[in-house]
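Topology and contacts: notes
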Amino acid sequence: MNDRRRINGPAGATLAPFFDDAAPQDLDTRSTRSRPPNATRKLLLKTGVTPSASGSAYLEIETSAKPGLSGLKLSCSVHGPRALPKSAPFSPHIVLSTHVKYAPFATQQRRGYLRDSSERDLGIHLETALRGAIIADRWPKSGVDIIVSIIEGDQDRETSKLQGDEVWDMMNTLSGCITVAAAALADAGIDCVDTVAGGVAALVQDADDGSAPSIAVDPIPSEHKRILAACCVAYLPTRDEVTNLWFRGDLPASDLDLYTSLVGHGIQASKNANRVLIDCLSGTVG
Amino acid sequence: MPITILAPRPSRPTRKHPQEDASVTSDTDSEAGGVDLDGDLPMTTTRPSKRARLNTTTTQSTAAFEIVTPGEIITDDPQWMRGHGTYVTPSTTAITSSVAGTMTRTNKLLSVRPLRARYTPEVGDLVVGRIVEVQAKRWRVDVGSTQLASLPLSAINLPGGILRKRTETDELQIRTFFAEGDLLVAEVQQLFADGGAVLHTRSLKYGKLRNGVFVAVSGTGGGGGVVRSRRQVWTMEAANGGGLVDVVLGVNGYVWISKHVETPEAGADSSSSSKAAAGITNMEESVSTTMYSSQNDRIEVEAMREIARLRGVVTALVENGLRVDEDMVVRGYHEAVEMAMVSAEGPDDIYLGGERGQQLAAALRGA
Amino acid sequence: MASSQHVLLSPAELAYLHASLSLTPPIRPDGRSPTQFRPLVAETGILPGTNGSARICFADGTEAIVGVKAEVERTAQRPGEETVFLEEGGAGGDGDDEEEEAGQGLDKRKGDASWVEMTVEIPGLRDDDSGTAFLAAMLSEALLADGEFAKRLWINRRFHWKLYLDIILISPPLSYPLPLLSLTTHLALLSTRLPRLKSEGDEDPFFDDDWAAAPYLFPRTTSSSSTPSSTTTKSPTPAATRPPITLLVMAVGNNIIFDPSKEELAVADVALAVSVTGLSPSHETETGGGTAGEKQTGRNLRLLSIRTIDPPSRLTAPGVANAANTAYGASNGTSNGTQKMAEAEAVEGVWRPPRGGAKRMVLGALVQKVLERGGVVDEVLDALEGADSG
């Protein structure tokens, strides 16, 4: 879809030519994972960053590929609950609408201003994750807008493009979106059954020699040779319930244990994020 | 077998010559697969020869079921009056059809009933409807018609006595009587010129529906669907210990099948109701306590199974182009019970989709 | 929105449906068994102008058509790869349309997700509706998950097939259309054929005009066609995988229900869309022995993707218990009391929309049920294969 109202950048991106004496195959630009496989990256969460919104939160995840540089930067604002427009039909519940938008400069490939299909897809995932967490019947006849802006996507400059694995990035982004939206919802004072947080786990293969793949929590796609499967989980820790599960990859059906442990690791990652979320929310009061 | 994939067939099987008079039936129908057509169907294919006859013999009563198409001149005899589905071209006397359908004449009135159309309400129709909107003093009800019907607050039985004046309190808590999504059975009380209907539930047999399942079958006319008949509501004894089951066939094609609840006991059944004891002495009171309830009574597994079987019968009738009325539903139900008896899974097998439905329909046509 | 279609059912209906579906065994409103699908009518190859097509319709009139079109497209070259130099100045031309990137696989053939374009059209929904985007993303995700599918579209190092899958729902959706669309897409892909390649190496491709000689995109094993698949691609097809299918499963109480209708979905505790693919039965000897060690019946299934579908049950109106109903004059005016009542213990026969998420055990059980060897998926794949060849 073309955005005719603004002057956009060039349609196709080009990469600067790359000259090097060494054969390109010998270059291994991959940075390796320095964290233990079950450790998540550090994340910073702050609520109340947008005073004009009913609730807001900001999330930043440290990238371990280049120390000192941040990977994912998300900002979320919640508007509402507010009365539905007069034309809208009666609703016994709060009407949730979620918008996820990449800033045009957030990823390597420039994004337009209109939401594309992957952003809409993320929006639905986020809605599913949040719908299970909020107590919707406390707010009849009202609506709430949850807007997540991805200021900086979680992409490593050199490598991600070559691997063409933007899908795995989407999972990391979604898990961040869930956590930041949950913080903003709590900041807006909307009733929730529990705090929901996102977590990602992946089945990765680091060597070509056919060695057994291992499970890594909170993976950065550029740090691994190949990602076989990954899952993003939205989890309610005190109720021990999953509100959204997104799995993608290629797993033999005979090995269901692998799947179960993948989801288990995803939940573990979500629990870590949830601790930050709780700390952040209790810190706001003090 | 979790999935059945059937080979495609013509979506509307080419109908062979229908039996509209005896001579045609005897010579062609016997070998032309007349079994897939019920004699009751008011639907035929037009044949050129017959159409030619139609224009000349409009006054004959033998041509009972004739298909006319829009623009077709029915008659230019000025003695006829035009009814629904027709129009008169200015400066002529010719009555022309404006819809494709079957022609009916009542005394000197010519009207064409469309083959397939949405429900057109008529005063006195028993309809099943669903509340789609709640307004200040009335509800808007979906009855499958072109317009939403309206149900004024003054046209319902208010709780606490059947003849009570409505008060402002009632207006404020209008949603406690009927809310969005609620199903009700009502009668068409009045019609507006634009086709909109006004409903009323001022009778103990009307009101909110619960303890059962809903199924919408396509509108009236054509091959299948609910037809206006003598009785639209009846209670029948279900097989296999299912107890009594109520069936409500709304004229608008909305069907409600539920467990039969004895009205005087209704108050006593809902044990949580504090007014249960008073219910027996004052029937009006007790009825009104459960009139706007959205709480189901306890329903036995057997009853649920038989209700699902009845629902299957109704869907199978519609899918196979048979009319839906009391006679067909009751016959179809008994046929379905017998089919289940001889099936591999025994009497608990209630599935009536796909081939089973066709089998059922064939049995009903043959009977 | 497709994933949370607005359902208008009365609380009494919902309570009844929930009660009947929670029984063991559940009683479904249309009498099906928990694993049974709605009967459907299917045909393939209905559109002569496409590379592959299929149509499926349900008895209630819901109908979907899928058409597959393929176009030859130049593969964008990117730095870091072994550049192809040809007499006709290939490298210079390649730089012009460097719009999309191709993933570098270990295999000589490589594929890219952008080689497949899938669009879903649902009448009554806007083109940019999120629900439609979600459906399209779900279906293409399953297709591309294993990376093998895109490799089939490789012609040579400079050219590839670009496959357009257009999924059109003919009728307005009477139920969540995912299973219907997925099954139709599966059939269309099974019947898809690409012209036979006559050129060799990295030269500009040209193809055999004879459509009868065109090989299937997913080579048929049952029909034992004489056209060997190796003529299209120089390296033989690695495994006779089938296109994926995406099934909708839901849980109510302790029951797992396949292919739920709209009313059933409205009372679901949790609903999942699970995409699986299976190796065709004739190949199971080689692959089945490797993983399981012992010979089992059924296919080797592979799990490709799982998505949680937001069940519309959360958006339904709760029922009011008789004791709390102000319509009877009981506890009139004390709205606080009714509020408490709604939060309290569930009353039998009163509908309460589910709240919170799904237990891990339930999710695990759903996935396990789908992946059961020789289970539902197997029979569905068999039936679809029969529908295609028949």
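Structure: above.
Right, let's walk through the structure included here. (Residues numbered from 1 in each chain as written. Chains lettered and ligands numbered in written order. Predicted model: local features only at pLDDT ≥ 70, side-chain atom pairs only at ≥ 80, totals over all residues. Heavy atoms only, no water.)

Across its full length, chain C holds ten helices and ten strands. By residue count, 56% of the 390 residues in chain C fall in the buried class. Considering only intrachain contacts with a sequence separation of at least 6, the fraction spanning at least 24 residues in chain C is 71%. Put simply, chain C shows about 14700 Å² of open surface, and 53% of that area lies on carbon and sulfur atoms. (Helix = DSSP H or I, 4+ residues; strand = E, 2+ residues; numbered from the N terminus. Buried < 20%, exposed > 50% of the residue type's maximum accessible area, 1.4 Å probe, protein only. Contact = heavy atoms within 4.5 Å. Areas by Shrake-Rupley, 256 points an atom, 1.4 Å probe, with all protein chains shown as cover.)

Across the sheet, four strands lie side by side as S2-S7-S8-S4 (chain B); this open sheet has mixed pairing. What marks the edges here is a single partner per strand, and that holds for strand S2 (67-68) and strand S4 (81-82) of chain B. (Pairing = 2+ DSSP bridges.)

Time to look at the packing of aromatic side chains. Residues and elements named next belong to chain C. Inspection of every chain in the model, using the stated rule, returns seven aromatic pairs over all chains. When the centroid spacing of 4.9 Å and the interplanar angle of 40° are considered together, the rings of Trp161 and Phe207 count as tilted. Taken together, the positions of Trp161 in strand S5 (residues 159-169) and Phe207 in the loop between helix H5 (178-190) and strand S6 (245-252) put the pair 46 residues apart, joining distant regions of the chain. You'll find Trp161 and Phe207 in the same group, each marked buried. Positioned above the aromatic ring of Phe58 is the side chain of Arg38, whose terminal nitrogen or guanidinium carbon lies 4.4 Å from the ring centre. Over the aromatic face of Phe134 sits the side chain of Arg307, whose NZ or CZ is 4.9 Å from the ring centroid. (Phe/Tyr/Trp six-rings, centres within 6.5 Å; stacked < 30°, edge-to-face > 60°. Lys NZ or Arg CZ within 6 Å of the ring centre and 35° of its normal.)

All names here are of chain A. Here the structure, examined in full by the defined rule, presents zero disulfides over all chains. In this structure Cys280 is a free cysteine whose sulfur lies 12 Å from that of Cys76, the closest cysteine sulfur available. In this structure Cys280 comes out as buried when scored by relative accessible area, which is 12%. (Disulfide = S-S within 2.5 Å.)

Right, let's get into the interface of chain B and chain C. The partner chain C presents 50 residues to the 51 residues of chain B that form the contact. A buried area of about 4100 Å², summed over both sides, lies between chain B and chain C, and 59% of it is on carbon and sulfur atoms. Between Glu263(C) and Arg311(B) there is a salt bridge, and its shortest N-O distance comes to 3.1 Å. It is helix H8 (residues 301-319) of chain B that contributes the most residues to the side of chain B that touches chain C, seven residues altogether. For the side of chain B that touches chain C, the residue count by class is 25 nonpolar, 17 polar and nine charged. For strand S1 (residues 5-6) of chain B and strand S1 (residues 40-44) of chain C, the ladder comprises two bridges, and the chain directions are parallel. Following the sheet pairing, Leu6(B) is matched in S1(C) by Val41(C). (Buried area = accessible area lost by both parts, 1.4 Å probe. Salt bridge = Lys/Arg side-chain N within 4 Å of Asp/Glu carboxyl O. Nonpolar A, V, L, I, M, F, W, Y, C, P; charged D, E, K, R; others polar.)

A word on H8(B). Residue and element names in this part refer to chain B. Compared with the 27 Å implied by 1.5 Å per residue over 19 residues, the 27 Å span of H8 between its first and last C-alpha is a close match. Taking burial as the measure, the 19 residues of H8 include 14 buried ones, the bulk of the element. Of the residues flanking the end of H8, it is Gly321, one or two places downstream, whose phi is positive at about 70°. (Expected span 1.5 Å × (residues − 1).)

The next point concerns unusual backbone geometry. For the peptide bond that leads from Gly80(A) to Pro81(A), omega is 0°, which places it in the cis range. Tracing the chain through its elements places Pro81(A) in strand S3 (residues 70-83). In this chain, Thr24(C) is followed by Pro25(C) through a cis amide linkage whose omega measures -10°. Here Pro25(C) shows up in the loop between helix H1 (11-22) and S1. Backbone geometry places Asp240(A), a non-glycine residue, at a positive phi of 55°. Here Asp240(A) falls in the partly exposed class, since its relative accessible area comes to 33%. Phi at Asn107(B) takes a positive value of approximately 50°, unusual for a residue other than glycine.

It is worth spelling out the environment of Ala202(A) at this point. In this structure, Ala202(A) sits in strand S6 (residues 197-205). C-alpha of Ala202(A) to C-alpha of Arg4(A): the two residues are 198 residues apart in sequence and 39 Å apart in space.

Moving on: the packing of helix H1 (residues 117-131) of chain A against helix H3 (residues 130-144) of chain C. Running from amino to carboxyl end, H1(A) crosses H3(C) at an angle of 100°, the nearest separation of the two axes being 8 Å. In terms of axis orientation, H1(A) runs roughly perpendicular to H3(C). Side by side, H1(A) and H3(C) meet where Ser117(A), Arg120(A), Asp121(A), Ile124(A) and His125(A) of the first sit next to Ser130(C), Gly131(C), Ala133(C), Phe134(C) and Ala137(C) of the second. The residue inventory of the contact of H1(A) with H3(C), partitioned by class, reads four nonpolar, four polar and two charged. (Axes fitted to C-alpha atoms, helices over the stretch in contact; angles between N-to-C directions. Parallel < 35°, antiparallel > 145°, perpendicular 65-115°, else oblique.)

All names here are of chain B. Of the pairings in the sheet, the one linking strand S9 (residues 126-134) to strand S12 (residues 183-191) comprises five bridges and is antiparallel in character. What sits directly across from Arg130, in S12, is Leu183. Sheet analysis places S12 next to strand S14 (residues 207-208), joined by two bridges and oriented antiparallel. When the bridges of S14 are listed, Leu184 appears paired with Lys208. Relative to strand S13 (residues 197-200), S12 is paired through four bridges, and the arrangement is antiparallel. Paired with Gln190 across the two strands is Val198, which belongs to S13. Counted along the chain from S12 to the antiparallel partner S13, the turn is five residues long, and its residue Gly195 has a positive phi close to 95°.

Turning our eyes to something else, we now look at the nonpolar core. In this structure, Tyr259(A), Phe149(C) and Leu303(C) are the most contacted members of the largest nonpolar core, which totals 111 residues. If you tally residues by element for this core, the top one is H5(C), at eight residues. Apart from residues lying up to four places away in sequence, Tyr259(A) is in contact with Leu245(A), Phe247(A), Leu251(A), Leu303(C), Ile306(C) and Val367(C). The next biggest cluster of nonpolar side chains, apart from the first, holds 55 residues, and it includes Ile134(A), Met170(A), Ala182(A) and Ala234(A). (Core = buried A, V, L, I, M, F, W, Y, C linked by side-chain atoms within 4.5 Å.)

A few words now on the packing of H8(B) against helix H9 (residues 326-342) of chain B. All names here are of chain B. Packing of H8 against H9 leaves a shortest axis separation of 9 Å and a crossing angle of 115°. Crossing angle aside, the handedness with which H8 passes H9 is right-handed. When H8 is examined against H9, the residues Glu306, Arg309, Leu310, Val313, Val314 and Leu317 are found in contact with a partner set consisting of Met328, Val329, Gly332, Tyr333, Ala336, Val337 and Ala340. (Left-handed = near helix turned anticlockwise from the far one by under 90°.)

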